[in-house]
Each structure stands twice: as structure tokens, then as C-alpha cells.
Amino acid sequence: MSTLKILVIPGSLRTGSLNAKLAAVAAYEFAQAGVEVTRISLGDFPLPLYDGDLQAKSGVPKNAVNLKRMIGAHHGVLIVTPEYNSSVPPLVKNTIDWVTRVQDTQETRGQVFRNRAFAIAAASESRLGGSRALAALRLVLTACHATVIPNQLALSFAAEAYDDMDRLKHPADIEALGTLVRQLIDVSQRMM
Ligand SMILES: Cc1cc2nc3c(=O)[nH]c(=O)nc-3n(C[C@H](O)[C@H](O)[C@H](O)COP(=O)(O)O)c2cc1C
């Protein structure tokens, strides 16, 4: 069996992002579990706001095609999203929207969502930890026929959740992340 590959996508570009920190901690946990992990920044895949006229005129941007192929090169994907006004931020939704428009040869559109496992996590300074963004993101991914693992992590009071080395400091958060990591590995392995 080939090495399991997991892609970690932080849904924020902000300097000091609480979600980027969580993505980094998760990537470390995947590596510790013996998985080949890739952590990207969506800043390396800039995309215009989705516009059907733009797609009709210029096609799907190369960055969406590249990101879709990056997803396709991994067995499982973790998306770590901020919560904006009780939902997913435009960066995350716009990226998913463009990726769903990619049509590679020998594939049906959106196939990349259907044949691998997804996990979702969020970090927020609030008590709810971005759980409404997770509900929205789960809905979007499920509508794309993705397998989204049942476990998720909503990191509450995230500004206080990291130590000075940017590691999670609360045992309950460490345990929740560990459970998420193990379940994504398990489901991704079964879908290989
Ligand atoms: C437009 C906007 C809307 C926001 N709405 C929410 C919200 O509904 N719930 C929440 O917990 N935090 C909300 N926040 C605060 C973000 O969770 C916080 O800025 C967080 O640090 C963003 O993620 P990042 O640190 O990864 O960039 C909002 C922030 C912005 C800019």
C-alpha cells in the first residue's frame, strides 16, 4: 500500500492567524502519525471572485486547476476555517466554488471531492470556536458529495489556546485534535 498522504488547508491568510496555527499543529500531528503531510497556503493559489462570465470568457483559472490536482494527489484533506458572521469566509467558499468548476479529462466534474476523505476544524476567539462555520462548511462539502468524517474540532477561546511555541496547551484540545487526526487517517486509509 502506498504512503498515506494528507493535505492540510488553512482558510486564513492573516498574519498570526489562529486557524493557520491550528493547521500547523494538525500537520505536525499527522507527521507524528507517520503520514506524508502537505500544508499549503491559499495565498499560493490566488483566485478571483467566482464569476460565470469570467469562467465563460477565460475558463477556470490555472490556480483552481492546480489546487484541484493538489487535492487529487492526497488521500485525505483537512480544512481549517475561520468563522465569519456565523459562516465560512469568502476565501474558503470561493476556493471550493472554483475547484468544483475544474473539469479534468477522464474525470467527472467534482470527482475530486467524492473519492477522498475530508475533515474540518475551526479556531475562533469565541466560546463556540467557529462551530457555525463548521456546520456551513460540512453542508458545502456534503453537497459536493464529499465524505466528511464525523469528528470535527471547534477550538474555543483560540487566542488563549496556544503556548509560546504555538502548540495547543489545553489537554482537552490536544485530545480532540488527536481524535480528529486518527479518524481522518483511518477513513482515508479505508478509501485508498
Ligand atoms: C468579517 C468578520 C466576521 C466575523 N464573524 C465571526 C463570527 O461569526 N464568529 C466568530 O467566532 N468569530 C467571528 N469573527 C472573528 C474571527 O473568528 C477572528 O477574527 C479569527 O481570528 C479569524 O481567523 P484567523 O485568526 O485564522 O484569521 C469575524 C471576523 C471577521 C473579520
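Anything mentioned here points back to the structure above.
These numbers were taken from a predicted model, which means no experiment stands behind them.

**Some words on the side chain of Lys68**
Within the fold, Lys68 resides in helix H3 (residues 62-72). Given a relative accessible area of 5%, Lys68 falls into the buried group. Once residues lying within four places of it in the same chain are set aside, the contact partners of Lys68 are Val99, Val102, Asp104, Glu107 and Val112.

**So, unusual backbone geometry**
The backbone of Gln106 shows a phi angle near 70°, a positive value even though the residue is not glycine. As for its position among the elements, Gln106 is in the loop between helix H4 (90-100) and helix H5 (111-114). We classify Gln106 as exposed; its relative accessible area is 82%.

**A closer look at the environment of Gln103**
Among the structural elements, Gln103 can be located in the loop between H4 and H5. Taking the C-alpha atoms as reference points, Gln103 and Phe118, separated by 15 residues in sequence, lie 20 Å from one another. Those residues in contact with Gln103 that sit more than four places away from it in its chain are Thr108 and Arg109. Polar contacts involving the side chain of Gln103 include one to the main-chain carbonyl oxygen of Glu107, which spans 2.5 Å.

Conventions adopted
- Residues numbered from 1 in each chain as written.
- Predicted model: local features only at pLDDT ≥ 70, side-chain atom pairs only at ≥ 80, totals over all residues.
- Heavy atoms only, no water.
- Helix = DSSP H or I, 4+ residues; strand = E, 2+ residues; numbered from the N terminus.
- Buried < 20%, exposed > 50% of the residue type's maximum accessible area, 1.4 Å probe, protein only.
- Contact = heavy atoms within 4.5 Å.
- Polar contact = N/O pair within 3.5 Å; in protein donor to acceptor, adjacent residues only side chain to side chain.

Keep in mind these values describe shape, not function.
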